[in-house]
Amino acid sequence: MTKKNIVWLSIILAGLVMAACSKKEENSPETTAPATSEAAPAATPIDQATVATVTGTVKWDGAKPKLAIIKMDQDPVCVGKHSSPVHVEDGEVNDNGTLPNVFVYVKEGADKYTFATPTDAVTLDQNGCMYKPHVLGVMADQTVHIISSDATTHNIHPQPKDNREWNESQAPGSAPLDKKFARSEIMIPVKCNQHPWMKAYIGVAKNPFFSVTGSDGTYTIKGLPPGDYTIGAWTAAGSSGPQTQEQKVTVGAKESKTLDFTFKSS
């Protein structure tokens, strides 16, 4: 073999080695990691023949607060929706001395279960320049369907601490807004930048065991598997702002337990 042929053979071999190295780098798992997708965990089966119920009344200890009248004069549309004065809803006490709009939920005890996200949406309406309902609950990733029954522009602005904050306008006749909150959070205040008196609260729960007290001050949590639970209660009532309480309860198969709460001015 001549010296010239040896040189050309060396060049060819070097080229082959470089091509092999390049191919190896292209196929390296560090540069071509396969895409993976993790499916949501399946719901844990619960024997519906054994589930229990917790009910109770949320009471107010003290004089019934005098609620301020909301001044809606800045927007004639808002004024026109009401034939009588409208009062703020935070601090409202029922005539029977109980509290409406209290969010009651299972805070601890259901963590060993997984739950499918509900497919039905929960509606939040803007009617008479007030949020309806004032307090509502959803599970994480459940849709909040926001509509407006008013002929004026609203500006919906949830202010969470553990979820993404957003702020969107909704003009008269515009399409509903469908929103979700990815993480549990008790509670998320909602305001309207257009009408500063408008307030709502959204409880984002990690399980389906929650309720909001109504005009009679009562709540019901159904479908609880037998076990030990911590029940939390949240209210916006109080001179120093929202208050929370919690109590422990044990329920057996098919059992109904009563668990009352009492709040007072703080």
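Criteria and thresholds
Numbering of residues starts from 1 in each chain and follows the order in which that chain's sequence is written. Per-residue local features of the predicted model are confined to residues with pLDDT of at least 70, and side-chain atom pairs are confined, for both listing and counting, to 80 or more; whole-chain, interface and lining totals are unaffected and use all residues. Hydrogen atoms and water are omitted, and side-chain values are computed over all heavy atoms in the structure. Pairing between two strands requires that DSSP report at least two bridges joining them. Starting at the N terminus, helices and strands are each numbered in turn, a helix being any DSSP run of H or I of at least four residues and a strand any DSSP run of E of at least two. Fitted lines through C-alpha atoms serve as axes, helices being fitted only where they are in contact, and the angles separating the N-to-C directions of these axes extend from 0 to 180 degrees. Only protein chains enter the calculation, and the probe is 1.4 Å; a residue is then buried if its accessible area is under 20% of its type maximum, exposed if over 50%, and partly exposed in between. Whenever a pair of cysteine sulfur atoms sits within 2.5 Å, that pair is classed as a disulfide. Any two residues whose heavy atoms approach within 4.5 Å at even a single point are treated as in contact.

Caption draft 1: Local environment of the sheet that holds strand 15 (residues 243–251). Strand order across the open sheet formed by four strands is 12-2-14-15, with antiparallel pairing between neighbours. Each edge of the open sheet is held by one strand with a lone partner, namely strand 12 (210–212) and strand 15. For this sheet, the mean angle separating the axes of adjacent strands, direction not counted, is 25 degrees. Bridging between strand 2 (residues 103–108) and strand 14 (residues 227–235) involves five bridges; their strand directions are antiparallel. Opposite phenylalanine 103, over in strand 14, you have tryptophan 234 as the bridge partner.

Caption draft 2: Quick peek at the pairing of strand 5 (residues 135–139). Extensive coverage of strand 5 is indicated by the burial of five of its five residues. Across the two faces of strand 5 the burial is the same, with Val135, Gly137 and Met139 and Leu136 and Val138 all buried. Across five bridges, the pairing between strand 5 and strand 11 (residues 199–205) is parallel. Residue pairing in the sheet places valine 135 in a bridge with tyrosine 201 of strand 11.

Caption draft 3: Just the state of the cysteines, in detail. Using the criterion set out here, one finds one disulfide in the structure. The disulfide partner of cysteine 78 is cysteine 129, and the gap between their sulfur atoms is 1.9 Å. One disulfide, between cysteine 78 and cysteine 129, carries an S-S torsion of -75 degrees and so falls in the left-handed class. Here cysteine 129 lies in the loop between strand 3 (122–126) and strand 4 (131–132) and cysteine 78 lies in helix 2 (residues 76–80), a separation of 51 residues in the sequence. Exposure remark for cysteine 78: the relative accessible area of 0% places this residue in the buried category. Overall, cysteine 129 belongs to the buried group, its relative accessible area being 0%. Note on cysteine 192: no disulfide assigned, nearest cysteine sulfur contributed by cysteine 129 at a separation of 7.7 Å.

Caption draft 4: Layout of the environment of asparagine 94. Inspection of the secondary structure puts asparagine 94 in the loop between helix 2 and strand 2. In sequence terms asparagine 94 and serine 215 are 121 residues apart; their C-alpha atoms lie 6.4 Å from each other. Discounting chain neighbours no more than four positions away, the residues touching asparagine 94 are Lys64, Leu99, Pro100, Gly214, Ser215, Asp216 and Gly217.

These results come straight from atomic positions and should not be treated as a statement about function.
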